[in-house]
Every structure is written in C-alpha cells, then in structure tokens.
Amino acid sequence: MALFQIAEPGQSPEPQQQRLAVGIDLGTTNSLVATVRSGRATVLPDAQGRSLLPSIVRYLPDGRAEVGYGAQAHQVDDPKNSIASVKRYMGRGLNDVVHAENAPYDFVDAPGMVQLKTVAGVRSPVEVSAEILKVLRIRSELSLGESIAGAVVTVPAYFDDAQRQATKDAAQLAGLNVLRLLNEPTAAAIAYGLDNGAEGTYAVFDLGGGTFDVSILKLSRGVFEVISTNGDAALGGDDWDQRVFCWIVEEAKLAPLAPRDMRLLMVKAREAKEYLTGHADARISAKLATGEFVDVTLDTETFCRITQHLVQKTVAPARKALRDAGLTVEQIKGVVMVGGATRMPQIQRAAGEFFRRDPLNNLDPDKVVALGAAMQANVLAGNQPTGGDWLLLDVIPLSLGIETMGGLAERIVPRNTTIPCARAQEFTTFKDGQTGMSFHVVQGERELVADCRSLARFELKGIPPMVAGAGRVRVTFQVDADGLLSVSAQEKTTGAEASVTVKPSYGLADADIERMLRDSFEHAKEDMHARALNEHRVDAQRMIDATRTGLRDDGTLLSSSEFSSIEEKINALEQILNTPDPRAIKLASDALNRATEEFAARRMNASVRRVLTGQKLSSLDA
Amino acid sequence: MSRTNAAAAKASTSEGLKNHFELFGLTPAYALDLGHLERAYRDIQSEIHPDRFAHAGDAERRASMQMSTQVNEAYRTLRSPLQRAKYLLELNGVDVGFETNTAMPREFLMEQMQLRERLEEARDVATLGLLREKLSAEKKHIEVRIAELVDVRHDYDAASACVRKLMFLERFGEEIDAAYGVLET
C-alpha cells in the first residue's frame, strides 16, 4: 500500500506518485486490459502471455465460473453453461435479442433485461460480464503488483442508456472503480491520433463481434472532438457467423440441431469466416453428436453473396454520421478501421468504396480500443498524459426525450449533443385541478414512443390545483461525461420537485450491487472494513492536497473569513485522518467538500477568464 | 440538483460571465468569427472539462461539470446561425415568438409550399442534393440579412421576421434529411 506523502500546509506535495489505472475493452468476442507504463500504453497479457481474453464464461455446478480460454474449450460440450457474446444481451429484454432461437441458452424473461439459466443458477448479463471484468481486474493487479485506482471501460458508441448503465454496473460488481465509460470508436481515435500525430477530420469504422459504430471526429491541437456518431448496436462479426451457420445447415440438409451441435457448427462457421480472409475457400467438416458427418466447402463468392445484406447494413449509419456532421466524403482525411470484423476483405472494400479512399489499417484492430482506453484512464487518474496534453469531447449517440400526448416522443436532447449537457423543457398541465404529472423518459430517433427505448418513468406530485394549462413543470435532462442521464422535474409556482437518475428497470439497485459485491469478495468483514478505511483515507488526502493547492493558487478569490473557514475544515479532516473510523473520515470529508463548493465554482470561472486573457494576448501577437 | 449546487452555479454565472458571448470573450453580434469561437471553446474546455477533475474532490468535480455543461450549451447556441439569432434577439428583449406569431409573408409561404412539393416528388438522391443546395443558398442569404439588421441597423423586429423564415428553412432541412433516410433504406 502506498504511504501518504506529508507536505507542508500550503505546499503542493512532491510530484505525485503514478496512480495506476487501466483501460478495459469489454468486447463481444474478446476482452482486453491495457495500462500506461513509462509513458507508453501496453496491453497486459495473462500468465501465459496471451493478450486476448475470450469473452466466454462457463458456470460450473459448484457455482464457480471459468472465464476465457478454459470456458472456450468447453463451449461445445457444455453449451448451455458456457455463455458467449453476452454483450449482446446487456440491457436488453428477451424481445430485443436477435436470433435467440439460434443461441443454445435457456433464456429467462425478466423485467428490463433477459437472464440466463445455468447450472449455477439464473444469471443476468451484468453478472456474466462482471466475471469477465473480474478476471481482467485480477490480471492487472497481479501484473502491476498493486491495486488499481480505477478503470475506463469502453462501450459501443451506439449503446443506449440501459446498455451503458448495465456495463457500469458490471464493472462495479467486478470491484472496479469506474473512472469513465468511453465510446469504443473514440478510444480508437485517441490511440490512432496520438500515435500518428493526426490532425484533421477522421472517420472511425468500428465493426466488432456484435456491434457496429461509425464516428466522425475532428482532431485539432490536442482536442479530439466527436462531431457525430451512428451505428447499429446489433450488427457484428457474430452475424456473419450466423449466416455461415445457416448456410451449413441448409447445404448439409441438417435436421434441427441439439445445443451441442449448434455450438459446434457455430464455432466451425466462425473458423471458416476467418479462414476466408486469407483464402479462396474454406472446408468445413464436423462430426455431429448424431453420428452424422458434415463436410462442405464455402467459397469466397458464396460467402460474399450470403452476407451481402450485412455488409450493406454498414452503409446507412456511415451516411447518417456524415450527414449529421454536415460533411461530405471529400472532407474526411482518413478512415480508421477498428474491430476484428474489419479484417474481412468485403468490409475493407465497402468502407473504401463509401469513403472513396483506402482505409487505415496500421493499428491492431483488436487492441486499439483497449490502448486508447488506457490512455484516457491514465489522464483521468491524474497522471501526466501520454503524447502531450490532450482532451476528449464526446457526444450522446441517440436523442433523449419525453412521451407526450398521443404516444409521441418530444425530443429534449438531440443526438450528437456534446456531453456533459443539460437541457430543459416546460410542460403544462392539461386538466383542471391536476395535482400530479407522470413522465416517461425515452431514447431513440423515432417519432412514436413505441418505437423508442423506454428508459424510466417517474411522477411529480404536489402540483397545486389550477386550471388546465396554468401549472407549468420544467423538466431538466442532464447527461454526464459517461453519457448517463438523470432527469428532474420542478413545478414552477410551488417549487415541488421530483427527480430520477435513470436506472433501467432490471432491478439492480445500488444496494443490490453492494450486496453482490460483498458476496463476491472472498474477504472477511475486517478486510471490507480495511478496504473502506483505506479508500476514505486516500480520497480524503487527495481532497486535502487539492484544496491546499487551490488555496495557494486562487486564495484571492475568497474573503478572509471564507479562506479560514476552509482551512478549518482541512485541519479538522487532517486530525481525524489517522483514526480507524471510516465513517468519521467520510463525514469530515463531506464537510470540507461542502465548504469548498462555492470556491470550486469561482475557480472554474477564474479559469475561463484566464483562458480569455491568454487569447486576447495571443491575438494581439498575431 | 441540490440547492447548494444551484447556489454554486448561480454564483459562477453571476460573476461577470453574463452571457454566451462573454463566456468566449466575444462582443455580442450576429456576424461572428467562428474560428475564434471554436478556438476559445476548445481552450476553455481544455481547462475546465470534467476529465481534468476526475481525480479531484466532489466540489471541484461538480463545479467542472456545471461549467463544462454551460460552455457546451453556449457553444452550441452560438455556432448555430438560427440559435445565435434567437439568442441575440432575446438578449435585446425581443421574443421571436415561434409559437404565437406564425404570420408569414404570402410570397415566402408560396415558395415554401413549392419547395415541399418538390421534396415530395423527389425520387432520387440527386434531386435531394439540388434541393439542399438551394436551401443552403437561401439560408446564407437570410443570414446576411439578419447580420445587417441586427449588427448595423439594430432593427430587431425586422430581424425577428427573418429569424422566423430561417426557422422554416431549418425545418425544411430536417425534412430533406428525413427524405434521404427514406430513400436510402
């Protein structure tokens, strides 16, 4: 454990020790973890030197879970308990799952999110994903030799709020401190841009195992600004496997298959697809459980024909992203290819034809997302950024709105709005004496609520009885830097308030996560206590250091009484820091925190002014 | 948002960064140096964005989030010719009144109807492209006019009528985009 650094009051501590943070690419097919060491982002391999962790979780009768290659080896003989491509089920109901009939699992329909019945019990996709993340957390801790300060976990840019929230929950369940959810194409752009010193407008074409994103970014003077993003959260390499699988079944005239054979042929289909990247035809042979032999050959021409409609599906999102960005193909400087599925020659061709230039393939499409996430994690942990000072400005992928009369969706935050953002809209009562108003928060681009994704419902009560139209309710949408939404409503005349942090309705409340966390840690109670104590101490010390630096740099923004009031709270916290009472430390931290709110706001203002003054000077120079 | 946050946010705005223009060191005007706006936006975000404060205390994290939100909103407003015009008129006490004031010159409405008819008849991407070009030329024309009315003549009522036209054209642009969507699928 790192020891606290003692610094004189009013002085900044010595250059901070590197805080270890990791970037995690939680992929449909494979997952990876990377970190920045000695100024360079590197993928952390497992003990056998393998970078990729197959995103497959196998549940055993004793309740344990086997993750990665071990689970992969058993996916054919234990298909029901070996969960692959779980990312496709994150934040999704049973109705949303495409090709459920071709997946060899026992799905359980549950409110909000589908669940899977395994030999170890019913598991939600959040729990399955947490198993994968836990393995990566332990891998990082082992290879870095200490516990990690936090992680950036990537999500497809086109993931909606429910899918993002589910991913964040999974990371918390895995014992990770989530520094940020980061969009995959954006992560790739960071890695690409910093590696190549790129400037200009770029497109990222990211076709993974289960999701497709296309993002348009402007790279200029160390700022990565996402201008637009589009995609298909249910299109990926898996769908190509699915097509080949169906082709095999048809070609070999097979009767309906047992789960085992289904998985076997799915594996063969994937192998054939990958083989066709470098060869003209792929022979597929397998012996089924029924004793039947399958022996067919798939040539490139047939492969392209049976998957042509899938390739075609990438074009519309690319076109929409470009249109939303207000750009033409000619204005795009380069197309960065990301995701294992972009290895397919027909995808390379499609991207090349659409953007009318050769795609950029100089980065490992499997690793680039994790590397970019590691770079961002490093910055968020407060370390010196790699490749000079840089900043990321991202957007929300899908519009957010409220259901209005007649089942229509009223758009409040349009897609491609830069985050963080807040937007308010006023609604009026429509009945005389109406005392409550219920809100239905939705996400999507369609006009009808029924075609959008339902995110949350909540109610505002306590509106004083008035004539219809006189009650005015202001609804505020706030989207944070993770792209997660919270909504509040306030009645204007009385100030009655209601708010909701949009939590998908699959029933994982914070308390549940905490309980599951506790269960999943093989720690004794004392360990939990020690962990909490340590966390509070580290946080408190960090706040003390930051506040002192603030007082030193910007103390003039405070009156002398304000100044000494903050100092008082610092001293109080410092005195309590060495007591073994996490609660007392937390309380003193909160007190310091409240005492510095106003100061923090003034400092932000001062920062803005400093920038403007600097600008005026530089424009005088010019 | 709790009351203390609201108070902090208020304090941060009440200290001189009174409007979106001042936030970027600009003088309120319709004709704008977009290059300066973009540079100022990026420079300010580089200082105050939540990513810069991810490891800081709660108070700073929240202040950064609020400021960053405000800067994003200001940038979005000023960058858009329509939103900028609306905002400027509001600053000058003129409510553009899209909801209540729908009276438009007959000639303009006829033109709009014709454009929409052409859009409905459009069966290929090339026709849509032509419509979009026509639209963007018309928008440019109105924007020049708004700049003159607001910045030079300070005739906000006349400007308001132009802004309503711009609003119509913007909606027409959305309809063209929707038509692209239909043709492409």
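Not measured: the values here are computed from a predicted model. Counting restarts for each chain, with residues numbered from 1 along the sequence as it is written. Chains and ligands are labelled by the order in which they are written, letters from A for the one and numbers from 1 for the other. Side-chain atom pairs in this predicted model are given and counted only at pLDDT of 80 or more, local residue features only at pLDDT of at least 70, and totals for whole chains, interfaces and linings cover all residues.

## A closer look at the overall build of chain B
What counts, and what does not: Only runs of H or I of at least four residues qualify as helices and only runs of E of at least two qualify as strands under DSSP, and these elements are numbered from the N terminus. Around each residue's C-beta, the other C-beta atoms within 10 Å are counted; 20 or more make the residue buried, 12 or fewer make it exposed, and counts in between make it partly exposed. All C-beta atoms are placed from the backbone. By the criterion used throughout, residues are in contact when their C-beta atoms, derived from the backbone, lie within 7 Å.
The helix and strand inventory of chain B stands at eight helices and zero strands. Relative to its 185 residues, chain B shows a buried fraction of 35%. For chain B, the proportion of contacts with a sequence separation of at least 24, taken over those separated by at least 6, is 61%.

## With respect to the overall build of chain A
The cut-off we apply is this: Every radius of gyration here is taken over C-alpha atoms, with the globule rule written as 2.2 Å times N^0.38, N being the number of residues.
Scanning chain A from terminus to terminus reveals 15 helices and 27 strands. The C-alpha atoms of chain A give a radius of gyration of 26 Å, which matches the 25 Å a tight globule of 622 residues would have. Expressed along its principal axes, the backbone C-alpha trace of chain A runs to roughly 85 × 65 × 60 Å. Looking at the 622 residues of chain A, the share that counts as buried comes to 47%. Counted over contacts in chain A with a minimum sequence separation of 6, partners at least 24 positions apart contribute 69%.

## Observations concerning the interface of chain B and chain A
To be explicit about the condition: For this classification, Asp, Glu, Lys and Arg are treated as charged, while Ala, Val, Leu, Ile, Met, Phe, Trp, Tyr, Cys and Pro are nonpolar and the rest, including Gly, are polar.
Between chain B and chain A, the contact holds 40 residues from the first and 40 residues from the second. Elements that contribute at least two residues to the side of chain B that touches chain A include exactly helix 1 (3–13), helix 3 (34–48), helix 4 (58–79) and helix 8 (156–184) of chain B. Considering each element in turn, the side of chain B that touches chain A owes the most residues, 11 residues, to helix 4 of chain B. Residues that form the side of chain B that touches chain A fall into these classes: 17 nonpolar, 13 polar and 10 charged.

## Observations concerning the sheet that holds strand 20 (residues 400–404) of chain A
Residue and element names in this part refer to chain A. This is how it is decided: Any two strands with at least two DSSP-identified bridges between them are counted as paired. Interaxial angle, 0 to 180 degrees, is taken between N-to-C directions of lines fitted to C-alpha atoms, where a helix line uses only the stretch in contact.
If you trace the four strands from one edge of the open sheet to the other, you get 21-20-23-24, paired in antiparallel fashion. Strand pairing shows two members of the sheet lacking a second neighbour, strand 21 (408–413) and strand 24 (453–460), which therefore form its edges. Between one strand and the next, the sheet's axes are offset by a mean angle of 30 degrees, whatever the strand orientation. Pairing of strand 23 (residues 437–443) with strand 24 involves seven bridges; the strand directions are antiparallel. The partner of His-440 across the bridge, within strand 24, is Arg-457.

## Structural notes on the environment of A:Ala370
All names here are of chain A. With respect to the helices, strands and loops of the structure, Ala-370 is situated in helix 10 (residues 368–380). Along the sequence, Ala-370 and Leu-310 sit 60 residues apart, while their C-alpha atoms lie 26 Å from each other. With residues up to four places along the chain from it excluded, the contact list for Ala-370 reads Gly-23, Ile-24, Asp-25, Leu-32, Val-33, Ala-34 and Val-43.

## Observations regarding unusual backbone geometry
Residue and element names in this part refer to chain A. The residue after Ile-419, namely Pro-420, is reached through a cis peptide bond having omega 0 degrees. Tracing the sequence through the fold places Pro-420 in the loop between strand 21 and strand 22 (421–428). Despite not being glycine, Lys-253 shows a phi value in the positive range, around 50 degrees. Here Lys-253 lies in the loop between helix 5 (237–251) and helix 6 (259–275). Unlike most non-glycine residues, Asn-416 shows phi in positive territory, near 65 degrees.

## What about the domain arrangement of chain B?
This is how it is decided: An automatic or database domain assignment is the source of the domain bounds shown.
Under the domain assignment used here, chain B contains domain 1 (3–79) and domain 2 (106–184). Between domain 1 of chain B and domain 2 of chain B, the C-alpha centre-to-centre distance is 31 Å.

## Quick notes on the nonpolar core
Residues and elements named next belong to chain A. We apply this condition: Under the definition applied here, buried Ala, Val, Leu, Ile, Met, Phe, Trp, Tyr and Cys residues are grouped into a nonpolar core through C-beta atoms within 7 Å.
Ranked by internal contacts, the top residues of the largest apolar core, which has 207 residues, are Ala-151 and Val-336. Considering every element that reaches this core, the biggest residue donor is helix 10, with 10 residues. When neighbours within four sequence positions are excluded, Val-336 is seen to be in contact with Ala-188, Ala-189, Tyr-192, Tyr-202, Val-204, Phe-205 and Leu-360.

## Examining the packing of helix 13 (residues 560–576) of chain A against helix 14 (residues 582–595) of chain A
Residue and element names in this part refer to chain A. Formally: Should an angle fall under 35 degrees it is called roughly parallel, over 145 degrees roughly antiparallel, and 65 to 115 degrees roughly perpendicular, with every other angle called oblique. The sense of a crossing depends on the near helix, which, turned anticlockwise from the far helix by less than a right angle, makes the crossing left-handed and, turned clockwise, makes it right-handed.
As a packed pair, helix 13 and helix 14 sit with axes 9 Å apart at the nearest point and diverge in direction by 165 degrees. In terms of their interaxial angle, helix 13 and helix 14 are classed as roughly antiparallel. You can see that helix 13 and helix 14 cross each other, and the crossing is left-handed. The residues of helix 14 that touch helix 13, namely those facing Ser-565, Ile-566, Lys-569, Ile-570, Ala-572, Leu-573 and Ile-576, are Ala-584, Ile-585, Ala-588, Ser-589, Ala-591, Leu-592 and Ala-595. For the contact of helix 13 with helix 14, the per-class residue count stands at 11 nonpolar, two polar and one charged.

## Quick notes on the sheet that holds strand 19 (residues 391–393) of chain A
All names here are of chain A. In space, the five strands of this open sheet follow the order 18-13-14-15-19, with mixed pairing throughout. The sheet is open, and its two edges are formed by strand 18 (334–338) and strand 19, each paired on a single side. On average, each strand axis in the sheet is tilted by 25 degrees relative to the strand beside it, whichever way the strands run. Inspection of the sheet shows strand 14 (residues 212–220) paired to strand 15 (residues 223–232) by nine bridges, in the antiparallel sense. When the sheet's bridge partners are listed, Ser-215 is paired in strand 15 with Thr-229. This element, helix 4 (residues 184–196), spans strand 13 (200–207), strand 14, strand 15, strand 18 and strand 19 of the sheet and lies at about 125 degrees to strand 13.

## Let's talk about the environment of A:Gly222
All names here are of chain A. Relative to the assigned elements, Gly-222 resides in the loop between strand 14 and strand 15. Through-space distance from the C-alpha of Gly-222 to that of Gly-334 is 17 Å; in sequence the pair is 112 residues apart. With sequence-adjacent residues up to four places away left out, Gly-222 is seen in contact with Gly-388, Asp-389, Trp-390 and Leu-391.

## What about the pairing of strand 25 (residues 472–479) of chain A?
Consecutive side chains along a regular strand alternate between the two faces of the sheet. Residues and elements named next belong to chain A. For strand 22 and strand 25, the ladder comprises eight bridges, and the chain directions are antiparallel. Pairing of Cys-421 across the sheet is with Val-479, part of strand 25. Bridge analysis of strand 25 against strand 26 (residues 485–491) gives seven bridges, and the strand direction is antiparallel. Opposite Arg-474, over in strand 26, you have Gln-490 as the bridge partner.

## Structural notes on the confidence of the model for chain B
Residues and elements named next belong to chain B. What counts, and what does not: Scored from 0 to 100, pLDDT records how confident the predictor is in each individual residue.
Across chain B, the average pLDDT comes to 85, with 87% of residues at or above 70. Confidence drops under a pLDDT of 50 for residues 1–16, and excluding neighbours within four residues, the segment shows 23 contacts in the predicted structure. For this predicted complex, the interface confidence score (ipTM) comes to 0.86, while the overall pTM stands at 0.86.

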